[in-house]
Amino acid sequence: MTDDLAQLTAARLAALYRKGKASPVEAMKAVLARTEKINPTINAFRHVDADAALTAARASERRWKKDEALSPIDGVPVSIKELVRVKGWAASMGSKLTDKSPVDEDAPAVARLREAGAVVFAQSTSSEHGHKGVTDSPLNGITRNPWNVECTPGGSSGGAGAAVAAGLGPIAIGTDGGGSVRIPSSFCGLVGLKATFGRVPAWPPSMTGDLSNTGPMCRTALDCALMMNVISRPDARDACGLPADDINYAKKLDGDLKKLKVGFVLRFGDCPVDIEVASLVTRAAKQFSALGCKVEETQAPFPYADASRAFVVHWLSALQRLLQLFPENRHGEFDPNLLASAKAGLRYSLQDLVNAQVVRRELAIAWNQFFAKYDLLLTPTVAVQPFEAGKNLPRGPDGKGNVLWSPYTATFNMSRHPAASVPCGLSRDGLPIGLHIVAGHYRDALVLRAAARYTEANPLTFPALPETK
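So, a few notes on the structure that sits alongside this text.

How each quantity is defined
- Residues numbered from 1 in each chain as written.
- Predicted model: local features only at pLDDT ≥ 70, side-chain atom pairs only at ≥ 80, totals over all residues.
- Heavy atoms only, no water.
- Axes fitted to C-alpha atoms, helices over the stretch in contact; angles between N-to-C directions.
- Helix = DSSP H or I, 4+ residues; strand = E, 2+ residues; numbered from the N terminus.
- Parallel < 35°, antiparallel > 145°, perpendicular 65-115°, else oblique.
- Contact = heavy atoms within 4.5 Å.
- Nonpolar A, V, L, I, M, F, W, Y, C, P; charged D, E, K, R; others polar.
- Buried < 20%, exposed > 50% of the residue type's maximum accessible area, 1.4 Å probe, protein only.
- Core = buried A, V, L, I, M, F, W, Y, C linked by side-chain atoms within 4.5 Å.
- Patch = residues over 30% accessible without salt bridge, like charges linked within 9 Å, V, L, I, M, F, W, Y side chains within 5 Å.
- Areas by Shrake-Rupley, 256 points an atom, 1.4 Å probe, with all protein chains shown as cover.
- Salt bridge = Lys/Arg side-chain N within 4 Å of Asp/Glu carboxyl O.
- Lys, Arg positive; Asp, Glu negative; His and termini not counted.
- Charge placed at Lys NZ, Arg CZ, Asp CG, Glu CD.
- Pairing = 2+ DSSP bridges.

Another point: the packing of helix α3 (residues 24-42) against helix α4 (residues 50-65). Interaxial distance between α3 and α4 falls to 7 Å at its minimum, and their mutual angle equals 155 degrees. Relative to α4, the element α3 lies roughly antiparallel. Contacts from Pro24, Val25, Met28, Lys29 and Leu32 in α3 reach Ala50, Ala53, Leu54, Ala57, Arg58, Ser60, Glu61 and Trp64 in α4. By residue class, the composition of the contact of α3 with α4 is 9 nonpolar, 1 polar and 3 charged.

Right, let's get into helix α2 (residues 10-19). Here α2 has its buried residues at Ala10, Leu13, Ala14, Ala15, Leu16 and Tyr17. Positive phi shows up at Gly20, right after α2, with a value of about 75 degrees.

All right, on to the nonpolar core then. Residues Leu113, Phe288 and Ile437 are the most contacted members of the largest nonpolar core, which totals 102 residues. Ignoring any residue separated from it by four or fewer positions in sequence, one finds Leu113 in contact with Ile73, Val78, Ile80, Ala118, Ile173, Met227, Val230 and Ile231. Ranked by size, the runner-up nonpolar core spans 29 residues in total, among them Leu13, Ala22, Ala44 and Ala166.

On the surface, Leu350, Val354 and Val358 cluster together into a nonpolar patch covering about 250 Å² of accessible area. Summarising the element assignment, Leu350 is placed in helix α13 (residues 350-373). Residue Leu350 is classed as exposed on the basis of its relative accessible area of 69%.

What follows concerns a positive patch on the surface. A contiguous patch of positive charge on the surface is contributed by Arg12, Arg18, Lys19 and Lys21. The residue Lys19 is located in helix α2 in this model.

Before going further, it helps to examine the pairing of strand β13 (residues 432-439). Burial within β13 is extensive, with 8 of its 8 residues counted as buried. The two faces of β13 match: Pro432, Gly434, His436 and Val438 on one face and Ile433, Leu435, Ile437 and Ala439 on the other face are all buried. Here strand β11 (residues 376-380) pairs with β13 via 5 bridges, running antiparallel. Looking across to β13, one finds that Leu376 is bridged to Ala439. Two elements, strand β12 (residues 419-426) and β13, share 6 bridges in a ladder whose sense is antiparallel. Within β13, the residue paired with Leu426 across the bridge is Pro432. With antiparallel pairing between neighbouring strands as the criterion, β12 and β13 make up a hairpin whose turn holds 5 residues, including Gly430 at a positive phi of roughly 75 degrees.

Here we come to the pattern of salt bridges. Overall, the coordinates contain 20 salt bridges when judged by the stated rule. The closest approach of N and O atoms between Lys294 and Glu296, which form a salt bridge, is 3.9 Å. Taking the relative accessible area as the measure of exposure, Glu296 reaches 23% and is therefore partly exposed.

So, on to unusual backbone geometry. Excluding glycine, a negative phi dihedral is what most residues carry, and trans is how most peptide bonds are arranged. Note the cis peptide between Gly155 and Ser156, where omega equals 5 degrees. Position of Ser156 relative to the elements: it lies in the loop between β5 (141-142) and α6 (158-166). In this structure, Pro204 follows Trp203 across a cis peptide bond, with omega equal to -5 degrees. Mapped onto the fold, Pro204 is located in the loop between β7 (191-194) and β8 (213-218). One non-glycine residue with positive phi stands out, namely Tyr442, at about 70 degrees. Turning to its location among the elements, Tyr442 is positioned in the loop between β13 and α15 (444-457).

Among the 5 residues of β11, 5 are classified as buried, and the element is accordingly described as predominantly covered. Examined bridge by bridge, strand β9 (residues 261-264) and β11 share 3 bridges and lie parallel to one another. In the strand pairing of β11, Phe264 is matched with Leu378.

Turning to the sheet that holds strand β3 (residues 119-124), a few remarks are in order. The strands making up a sheet associate through backbone hydrogen bonding, with each pair oriented either parallel or antiparallel. One open sheet accounts for 11 strands, arranged β1-β3-β2-β6-β8-β7-β12-β13-β11-β9-β10; its pairing is mixed. Sheet topology places β1 (45-48) and β10 (294-297) at the edges, where each strand pairs with a single neighbour. Taken over all neighbouring pairs, the strand axes of this sheet differ in orientation by 25 degrees on average, direction set aside. Two elements, strand β6 (residues 171-176) and β8, share 6 bridges in a ladder whose sense is antiparallel. Its bridge partner being in β8, Ile171 is matched across the sheet by Cys218.

Right, here's the structure in full:
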């Protein structure tokens with residue numbers, strides 16, 4: 001039973017706790033034991049706080065025995081991406097340059113999880129400052145995909161994605177400034193949500209400003225909903241936080257998708273799409289018809305090239321701040337890709353940034369009009385399959401680096417719409433492919449309901465993993 005506990009969802013663990021058939025201490029010990037065996041292979045965690053986790057699990061166990069559980073995720077192990085502050089741990093940011101002193105305050109999502117009784121036990125790896133869509137850094141080395149350890153789990157929340165897929169805790173907190181929850185969710189076979197901007201409070205403010213979101217990464221839509229019930233509560237420290245919506249996301253999962261109008265967009269602009277990705281995502285879109293939706297193949301309402309250019313200006317202009325925040329004599333310690341990106345950000349003028357802001361507003365309006373017509377949008381999450389670990393880019397058809405490998409996600413960081421990735425099958429090589437589900441502002445619960453209905457009809461079996469020799 002102990003080994004099985006590490007592979008169960010948060011909802012299933014809570015059901016066992018409630019019936020007295022398992023305890024939070026047993027679950028935490030199972031996850032810690034599996035972490036000891038598996039983490040050296042995949043490098044998903046930078047830090048594991050076993051003693052504090054077991055203390056919190058014992059407290060949770062007492063609450064369950066008294067029928068005083070704080071929430072349905074009381075006693076559930078959860079890992080936190082290293083870009084998100086955890087009291088007593090270093091805010092390492094995947095960087096050799098950051099102060100490694102323990103911080104004195106939890107970020108809002110972590111504080112809410114603790115208040116709900118979840119057991120915060122590990123810090124997951126990220127690319128340095130979350131700057132790229134894969135997970136390796138000078139500080140932590142390469143994080144690997146449990147489905148194939150020669151492949152990247154995506155990024156920048158790749159440690160979170162790899163951990164949940166490997167059974168190192170059923171739920172995780174990631175961050176998403178351009179797809180960093182959804183890309184690793186796609187590559188690792190998870191359900192990952194970037195909520196409407198401001199729905200999940202964040203603090204301290206991200207370097208990338210109002211592009212960045214904190215969000216759940218789980219094996220099921222139900223677990224995401226249970227996390228959203230907790231982490232979406234307002235926090236005064238978030239300058240852009242939304243007021244409480246009083247939605248029970250878990251209850252909102254109930255219901256069918258009948259009569260919903262769904263737009264399916266396979267390509268953004270001229271970006272190439274892997275043939276297996278295109279096939280599996282197209283098949284998934286057709287399955288929404290079987291779920292009661294009216295599905296129409298359509299086009300994106302805004303030019304991809306313009307959206308991409310505006311995002312790059314926003315992103316690189318933010319990264320250039322690192323050159324001022326850290327002394328020049330230490331810039332050589334940055335990930336070379338981060339250093340090049342930050343230097344590229346210096347080239348943009350004030351006019352470039354103003355123009356990018358104008359494009360961002362126009363983009364958001366275009367997608368608002370799209371969602372006035374359609375309840376949901378379906379696209380691939382990523383245009384390619386998981387590729388070689390340690391590489392920043394996959395190889396394109398011409399053998400060169402494919403810079404257009406992830407065209408779908410960043411648009412909705414720009415527009416602030418809620419978006420999730422769900423697994424929609426495996427490639428011939430046994431690698432997960434993600435389906436991207438997007439909806440209008442504040443329709444996060446609908447995104448999760450669509451994710452639940454689709455994944456229930458198309459379940460995924462997670463891989464076994466070799467232990468470290």
